[in-house]
Amino acid sequence: MNVPSRGTYSGGFAWAMARDLRLAWRHPDEIILTLAFFALVASLFPLGIGAEPQLLARIGPGVIWVGALLAAFLALPGIFAADFADGSLEQMSLSPHPPLGWAAGKIAAHWIISGLPLTLMSPLIGLQYGLTADTLLVEAVSLALGTPILSLLGGACAALALGARGGGMLLALLALPLFVPVLIFGAGAAEAQATGLAPTPHLSLLGAALIAALVGVPAAVVAAVRISVD
Amino acid sequence: MTEGHAALEVRDIACRRGPALLFSKLDFDVFPGELLCVRGPNGCGKTTLLRCVTGLTRPDAGRIAWLGQSVAEDPARFRGDIAYGGHLPALKDDLTTEENLEFSLRLRDVAVDREAIARALAAVGLEKRRRLPARRLSAGQRRRIGLARLSLDPALLWILDEPLTALDDAGQAQFVELLDRHLARGGLALVATHHNLLPPSGKVRELRIAP
């Protein structure tokens, strides 16, 4: 008899990345909607608060971060819900590949289709607010460090909320409070730059949080998926 | 593996769902080349039993051993040996028939080339639907992707929940043929079904779950 495969972390990671990216490619409207939502939210603030250039430059970094955070949140339910509904999550749980591999792969793919485009688009929105080139750069760097944390934390919450009635509302209650520290340091970095202070302490803290999340959160995602599939 | 030794041993397994006890003190063995049909009325816990054996659902009590080794000690090794087919098709509507099959095999860490996939799809009558997205397939055709997957997966233990649902007569015959080949190779199958499965070469036993 043949020896069964024991799978590999990289095999599961590559599998999840390849599949989720191909699915996203088939449905580019989801990425476009996320970006459109980001642009809309960021454009609503000047309409509500008033469009004085000084005021906009003052609130810009924070508004862009809140907009990106909400747009990233909007994309969260899709990360596991479809796989849960069609049985793919059962098959993944029974795969010889270790669950840590495919869970990390799914989160990475989710970041590529939500956090990364938001990060790349942020300088455009920043221009709308009249931010300086340095501030735009720091804003993008802080988003590049912060949005993966959002995908990781949000992924764990989305896995926990699977199968719960009113999952969307539950997800908001679970995930948004966890996003608060990321928002504070992320927006803080760009604001510090805008007011002439060094953004590095904020960025270092964001980087440290990202490393901690990379180490700790995938295991929590696996545990949450196991509970939801049961 | 020696004949006469149970490959799958389930002892004293019990599961409750909410307040209702579905089954308890259930013992059974499955031997190489054997099909064990799980039978019982709707809602008696057939699906739950299968899910307990796979490990998807945690049973309230009991031990499961695979090839003489407790599954709890090395669940990864056990997962490598089972092909599970549940109620849900695990197909992606936006992927083509071919891509669905390819991804489900890669998830099982089964390396197959495009030709083998094309052959397997042709064998289940889907050669003309290879490049269609799965959303355009009928319920029976979607099930046939599952048949193609089983034909390419070398897993030793099949755990299938109502595998004949939505299949036409030809599809059902094809499933029995696949099952027969699997058993003849020394494979094992644990199947919940209301149909009478009669693979010519395998030994068939029944397990009745009574509430």
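In the block above lies the structure referred to throughout.
Everything quoted here is computed from the prediction, not taken from an experiment.

Rules used in this analysis
Residue positions are given per chain, counted from 1 along the sequence in the order it is written. Working convention: letters from A go to chains and numbers from 1 go to ligands, in the order in which they are written. Local features in this predicted model are restricted to residues whose pLDDT is 70 or higher, and side-chain atom pairs enter the listing and the counts only when it is 80 or higher, whereas totals over whole chains, interfaces and linings include all residues. Where helices and strands are cited, they refer to DSSP runs of H or I of at least four residues and of E of at least two residues respectively, numbered from the N terminus. The exposure label follows from counting other C-beta atoms within 10 Å of a residue's C-beta, where the C-beta atoms are placed from the backbone and the thresholds are 20 or more for buried and 12 or fewer for exposed, leaving partly exposed in between. Remark: residues whose backbone-derived C-beta atoms lie within 7 Å of one another are considered to be in contact. One less than the residue count of a helix, multiplied by 1.5 Å, gives the span that helix is expected to have. Bend angle per residue: angle between axes fitted to the 7 residues ending at that residue and the 7 residues starting there. In this description, strands pair whenever DSSP reports at least two bridges between them. Lines fitted to C-alpha atoms define the axes here, with helix axes fitted over just the stretch in contact, and angles between the N-to-C directions of these axes take values from 0 to 180 degrees. Along the arc lie the directions from the helix axis toward the C-beta atoms. For this classification, under 35 degrees means roughly parallel, over 145 means roughly antiparallel, 65 to 115 means roughly perpendicular, and everything else is oblique. Two helices that cross are described as forming a left-handed crossing if the nearer one is turned anticlockwise from the farther one by less than a right angle, and a right-handed crossing if clockwise. Ten residue types, Ala, Val, Leu, Ile, Met, Phe, Trp, Tyr, Cys and Pro, are classed as nonpolar, four, Asp, Glu, Lys and Arg, as charged, and the remainder, Gly among them, as polar.

With respect to the overall build of chain A
Inference 1: Along its length, chain A carries 10 helices and zero strands.
Inference 2: The secondary structure elements of chain A, listed N-terminal to C-terminal, are α-α-α-α-α-α-α-α-α-α.
Inference 3: Each principal axis of the C-alpha distribution contributes one length, and for chain A these read about 75 × 30 × 30 Å.
Inference 4: Residue burial in chain A is summarised as follows: out of 230 residues, 50% are buried.

A closer look at the interface of chain A and chain B
Inference 1: With 26 residues of chain A at the interface, the matching set in chain B holds 29 residues.
Inference 2: Mapped by element, the contributors of at least two residues to the side of chain A that touches chain B are α1 (9-26) and α5 (88-93) of chain A.

Comments concerning helix α3 (residues 53-74) of chain A
Residues and elements named next belong to chain A.
Inference 1: Counted at 1.5 Å a residue, the expected span for α3 with its 22 residues is 32 Å, and the 29 Å between its end C-alpha atoms agrees.
Inference 2: A bend of about 50° at G60 is the largest found in α3, and the proline P61 appears one to four places after it.
Inference 3: Buried within α3 we find G60, P61, V63, I64, W65, G67, A68, L69, A71, A72 and F73.
Inference 4: Structurally, α3 contributes buried residues whose contacts are with α2 (29-49), α7 (115-128), α8 (133-161) and α9 (167-194).

As for the sheet that holds strand β7 (residues 157-161) of chain B
Residue and element names in this part refer to chain B.
Inference 1: Here five strands make up an open sheet; going across it, the order is β6-β7-β8-β3-β9 and the pairing parallel. In this open sheet, the two strands that pair with only one neighbour each are β6 (82-85) and β9 (203-208). Taken over all neighbouring pairs, the strand axes of this sheet differ in orientation by 15° on average, direction set aside.
Inference 2: Examined bridge by bridge, strand β3 (residues 34-39) and strand β8 (residues 188-192) share four bridges and lie parallel to one another. Paired with V38 across the strands is A192, a residue of β8.
Inference 3: Against the sheet, helix α6 (residues 169-184) engages β3, β7 and β8, with an angle of about 145° to β8.

Considerations on the sheet that holds strand β1 (residues 8-17) of chain B
Residue and element names in this part refer to chain B.
Inference 1: One open sheet holds the four strands; their spatial order is β2-β1-β4-β5, and the pairing between them is antiparallel. The two strands at the open ends of the sheet, each matched to only one other strand, are β2 (20-30) and β5 (69-70).
Inference 2: Against the sheet, helix α1 (residues 46-54) touches β1, β2 and β4 (61-66), its axis set at about 125° to β1.

Some thoughts on the environment of G11 of chain A
Residues and elements named next belong to chain A.
Inference 1: Secondary-structure assignment places G11 in helix α1.
Inference 2: With 21 C-beta atoms packed within 10 Å, G11 lands in the buried category.
Inference 3: When the C-alpha atoms of G11 and L40 are compared, they prove to be 39 Å apart, with 29 residues separating the residues in sequence.

Focus on helix α4 (residues 114-123) of chain B
Residue and element names in this part refer to chain B.
Inference 1: Where α4 is concerned, the buried positions are I117, A120 and L121. Buried residues of α4, viewed axially, fall in a sector of 100°; they line one side.
Inference 2: Buried residues belonging to α4 abut α3 (97-107) and α5 (139-152).
Inference 3: In the stretch just after α4, G125 is the one whose phi turns positive, near 80°.

Section: the packing of α8 of chain A against α9 of chain A
Residues and elements named next belong to chain A.
Inference 1: Direction vectors running N to C along α8 and α9 enclose 160°, while the axes themselves pass 9 Å from each other. With respect to α9, the axis of α8 lies roughly antiparallel. The handedness of the crossing between α8 and α9 is right-handed.
Inference 2: The residue inventory of the contact of α8 with α9, partitioned by class, reads 19 nonpolar, seven polar and two charged.

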